[in-house]
2 protein chains.
Amino acid sequence: HRLPGLLVTDPEGRPLRILPASQVVRLLVPAYIQDDPSLAGVLNEVTADRIAEKLRGKTVEQVLPKAAGPMATVNADDTIVEVAAVMARERSPLVAVVAGEQLVGVISASRLLEIALGTT
Amino acid sequence: HRLPGLLVTDPEGRPLRILPASQVVRLLVPAYIQDDPSLAGVLNEVTADRIAEKLRGKTVEQVLPKAAGPMATVNADDTIVEVAAVMARERSPLVAVVAGEQLVGVISASRLLEIALGTT
């Protein structure tokens, strides 16, 4: 299933951070090419290998951008409107659903809209 | 197909703005509930009808949040690295693909990762 991002948990499985897919892309594209995409032509196979080399062996925590705000989390017994409120406040494409401290799932913004508009 | 957002075009079909799904959710949730999701309980059917009433008849342009930056657009003959660079720079979950001024498609961040990582 193609999600709009990843959910990073701590070693105990508690949700830690939402990492939108566009941020995963940021991790893979060198800053000088982000600043000037027309430089993409200089990214030949050797350079690409060097990027892969730099990322190899790093943990997710080491490459995570600094947190921008609180993690978007709802409880399994919250209402859909509460889920929408948390998602809207955090501008997050994904919300983690927990029961106690245990992660039980994620809800994407597009899935929430499907539910809210009754198209499923 | 479940996309991470919508692409809004002008009447001539030129891409105008990317509207992430989480922003669509923002349009539907009143500000006071975004500020305090525990107030979601007060959103009964009457209130929900009033929200629907407020949105009815409005054009997409009237409810669009103000543009945060340039529209994430690539040309149909750009390379995948250029697409990734534009997506990373604009932090956009979607990039519009144009040929000349004509919109020919969209690429989502998760689809781009699929391509880049060769999992398709």
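See the structure printed just above.
Basis of the calculations
Residues numbered from 1 in each chain as written. Chains lettered and ligands numbered in written order. Predicted model: local features only at pLDDT ≥ 70, side-chain atom pairs only at ≥ 80, totals over all residues. Heavy atoms only, no water. Least-squares fit on C-alpha atoms with pLDDT ≥ 70 in both. Contact = heavy atoms within 4.5 Å. Buried area = accessible area lost by both parts, 1.4 Å probe. Polar contact = N/O pair within 3.5 Å; in protein donor to acceptor, adjacent residues only side chain to side chain. Helix = DSSP H or I, 4+ residues; strand = E, 2+ residues; numbered from the N terminus. Nonpolar A, V, L, I, M, F, W, Y, C, P; charged D, E, K, R; others polar. Axes fitted to C-alpha atoms, helices over the stretch in contact; angles between N-to-C directions. Parallel < 35°, antiparallel > 145°, perpendicular 65-115°, else oblique. Left-handed = near helix turned anticlockwise from the far one by under 90°.

J.: Report on the relation of the copies chain A and chain B, specifying residues and quantitative values.
T.: For the match of chain A to chain B, the screw axis carries a shift of 0.0 Å, the RMSD comes to 0.0 Å, and the turn is 180°. Between the two chains, the operation in question is that of a two-fold axis. No C-alpha of chain A approaches the rotation axis more nearly than that of A:Pro4, which lies at 2.9 Å. Most of the interface of chain A is mirrored in chain B, where 100% of its interface residues are also at the interface.

J.: Residue-level account of the interface of chain A and chain B, with values.
T.: Across the contact, 37 residues belong to chain A and 37 residues belong to chain B. Carbon and sulfur atoms supply 70% of the area buried between chain A and chain B, which totals about 3000 Å² over both sides. Three residues stand out in chain A for area buried against chain B, namely A:Arg2, A:Val25 and A:Arg26, and they jointly supply 20% of the buried area on that side. Summed over the shared surface of chain A and chain B, the result is two residue pairs in polar contact (both at pLDDT 80 or more). The element best represented in the side of chain A that touches chain B is helix H5 (residues 80–90) of chain A, accounting for eight residues. For the side of chain A that touches chain B, the per-class residue count stands at 21 nonpolar, eight polar and eight charged.

J.: Can you tell me about the packing of helix H6 (residues 109–116) of chain A against helix H1 (residues 21–28) of chain B, naming the residues and giving the values?
T.: Between H6(A) and H1(B), the least distance of the axes is 8 Å, while the angle of their chain directions is 40°. Taken together, the axes of H6(A) and H1(B) lie oblique to each other. Pair H6(A) / H1(B) crosses with left-handed handedness. Residues A:Ala109, A:Ser110, A:Leu112 and A:Leu113 of H6(A) lie in contact with H1(B), whose contacting residues are B:Ala21, B:Ser22, B:Val24, B:Val25 and B:Leu28. Taken together, the residues of the contact of H6(A) with H1(B) sort by class into seven nonpolar, two polar and no charged.

Everything listed is a geometric property; what it means functionally is a separate question.
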